[in-house]
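# Observations on the three-dimensional arrangement
Given next are the chains, with one letter for each unit.
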Amino acid sequence: MYPFVKKHGIILSKTENIFENEGVFNPAAIREGEFVHLVYRAVSEGNFSTLGYCKLKGPTEVIERYTEPVMSPGNNNESHGIEDPRITKIEGTYYLTYSAYDGVNVAGSYATSKDLKKFERHGIITPRFTYDEYSLLIRENLDDISDKHLTFYDLFEKYKLSKLLNTTLYVWDKNLVFFPRKIHGKFTFLHRLYPSIQIVYYEDPKELTEEYWSDYISNLKKHIVLHPSLNYERGHIGAGCPPIETDDGWLLIYHAAQATKTGTIYHAAAALLDIDNPCKVLAHLKKPLFEPSLPEEEKGVVNNVVFPTGIVLFDEELYIYYGAADLRIAVASMNINTLLNELKNEMK
């Protein structure tokens, strides 16, 4: 962990309320004045997920918390849960993104709101291809042997699972995160088709047809922002918090999963993207921004996990909200300029 990172510990834990009696983690966060709104993944028995809500005064003091979900599954694609939300505000509207889980398949979905109380669902926005369809689309696209190993090992394992379950299994697409403004007049979001982070631009969601996605996946390399390349990323990576616009570029906090002999370790990582072309990476920390180091991060439902999903700025202090061991919500902070300088040092 970098010496300028300060961990504040757990700010939210599970309760006896039925919808969150197994865990709360991976929160979306957005600041409004002196308050921070958190919309978090709440898990009940059977790994059934809804979204809970709490309000903070300043970055860490909980002053309000709902005793019922703020959002629950609303269709078959979400029948087993809605997971891992992120919030971005674009032109006065809140965009809440989340993973829709039907018990087998996971896809990126979003909803919009004007008040963070009532949400209008817009459904799945990421591609929906079976593993057979996906493998045909991507096969000619990957000429690097490490890319092929990572991608097709995952494809093969999921393909075997689909046969075992005797059901249709689609390629999982997770970690859907919108940028906080349009880029060149287009909505822009990050998502994760294993194992990399990709980017999408569009003016109208109607553009995101099956034909669009077929072409996109056939040329996937053109859309990759970050590919796991460092030791602490040897597994996969995924977009974490909504990017923050700075004078130096888009600051992206993401998660990096490191495969080890004793299990996977999830780290928080940071990169700096070009302001006009965020597919261009300007800098990339060579070691994790922070990693599991506290007992509550090392032991839980899933051990050794810090999973950053929410971010706010108070003056020059950047607060990152993250899931700890898939059980609790914690927060870490740092001076944003110190972090940016660390990233810019990587450019030299």
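Everything that follows concerns the structure shown earlier in this document.
These lines cover the structure that appears in this document, whether it is placed above or below. Owing to the predicted nature of the structure, the values given are computational and were not obtained by experimental measurement. (Residues numbered from 1 in each chain as written. Predicted model: local features only at pLDDT ≥ 70, side-chain atom pairs only at ≥ 80, totals over all residues. Heavy atoms only, no water.)

## Side note on the sheet that holds strand β13 (residues 224-226)
A sheet is described by the order of its strands in space; here four strands give the open sequence β10-β11-β12-β13, paired in antiparallel fashion. Each having just a single partner strand, β10 (173-178) and β13 make up the two edges of the open sheet. On average, each strand axis in the sheet is inclined to that of its neighbour by 35 degrees, with strand direction left out of account. In this structure, β10 lies alongside strand β11 (residues 187-193), joined through four bridges in antiparallel fashion. What sits directly across from Lys 174, in β11, is Arg 192. (Pairing = 2+ DSSP bridges. Helix = DSSP H or I, 4+ residues; strand = E, 2+ residues; numbered from the N terminus. Axes fitted to C-alpha atoms, helices over the stretch in contact; angles between N-to-C directions.)

## Some remarks on the nonpolar core
One finds Leu 251, Ile 253, Tyr 254, Leu 289, Phe 290 and Leu 339 to be the most contacted residues of the largest nonpolar core, which totals 46 residues. The contacts of Leu 339, once residues within four sequence positions are left out, are Phe 4, Leu 251, Ile 253, Ala 270, Leu 285, Leu 289, Leu 318 and Met 334. The next biggest cluster of nonpolar side chains, apart from the first, holds 24 residues, and it includes Ile 90, Ile 125, Phe 189 and Tyr 202. (Core = buried A, V, L, I, M, F, W, Y, C linked by side-chain atoms within 4.5 Å. Buried < 20%, exposed > 50% of the residue type's maximum accessible area, 1.4 Å probe, protein only. Contact = heavy atoms within 4.5 Å.)

## Details of the packing of aromatic side chains
One pass over the full model with this rule turns up 16 aromatic pairs. Taken together, a centroid distance of 6.1 Å and an interplanar angle of 65 degrees make the contact between Phe 189 and Tyr 202 edge-to-face. Of this pair, Phe 189 sits in strand β11 while Tyr 202 sits in strand β12 (residues 197-202), placing them 13 residues apart in sequence. Residues Phe 189 and Tyr 202 agree in their burial class; the two are buried. Ring centres of Tyr 212 and Trp 213 lie 5.1 Å apart, and the angle between their planes is 85 degrees; this geometry places the pair in the edge-to-face category. Residue Trp 213 is classed as buried on the basis of its relative accessible area, which comes to 3%. Over the aromatic face of Tyr 170 sits the side chain of Arg 128, whose NZ or CZ is 4.3 Å from the ring centroid. For the cation-ring pair, Lys 287 lies above Tyr 2, with the distance from its terminal atom to the ring centre recorded as 4.6 Å. (Phe/Tyr/Trp six-rings, centres within 6.5 Å; stacked < 30°, edge-to-face > 60°. Lys NZ or Arg CZ within 6 Å of the ring centre and 35° of its normal.)

## Details of the side chain of Arg 41
Note that Arg 41 resides in strand β3 (residues 35-44). The exposure class assigned to Arg 41 is buried, which follows from its relative accessible area of 8%. A polar contact is formed between the side chain of Arg 41 and the side chain of Ser 49, at a distance of 3.0 Å. Apart from the residues within four sequence positions on either side, Arg 41 is in contact with Gly 23, Val 24, Phe 25, Asn 26, Asn 47, Ser 49, Thr 50, Leu 51, Ile 82, Glu 83, Asp 84 and Pro 85. (Polar contact = N/O pair within 3.5 Å; in protein donor to acceptor, adjacent residues only side chain to side chain.)

## Details of the pairing of strand β6 (residues 81-90)
A regular strand carries its side chains on alternate faces of the sheet. For β6, the buried fraction is high: nine of the ten residues fall into the buried class. With eight bridges connecting them, β6 and strand β7 (residues 93-101) associate as antiparallel partners. Following the sheet pairing, Arg 86 is matched in β7 by Thr 97. Hairpin remark: β6 followed by β7, antiparallel, with two residues in the connecting loop; positive phi at Glu 91, about 50 degrees.

## What about the pattern of salt bridges?
Applying the stated criterion across every chain, the model contains ten salt bridges. The salt bridge involving Lys 7 is made with Glu 297; its shortest N-O contact spans 2.8 Å. Here the residue Lys 7 occupies a position in strand β1 (residues 6-12), and Glu 297 occupies one in helix α4 (residues 295-298), the gap between them amounting to 290 residues. The two residues Lys 7 and Glu 297 agree in class, both being buried. Glu 91 is paired through a salt bridge with Lys 182; the nearest N and O atoms lie 3.9 Å apart. Residue Glu 91 is found in the loop between β6 and β7, and its partner Lys 182 is found in the loop between β10 and β11; the two are separated by 91 residues along the sequence. When its relative accessible area of 62% is taken as the criterion, Glu 91 is described as exposed. Within the structure, one salt-bridge network assembled from shared partners comprises Arg 41, Glu 83 and Asp 84. (Salt bridge = Lys/Arg side-chain N within 4 Å of Asp/Glu carboxyl O.)

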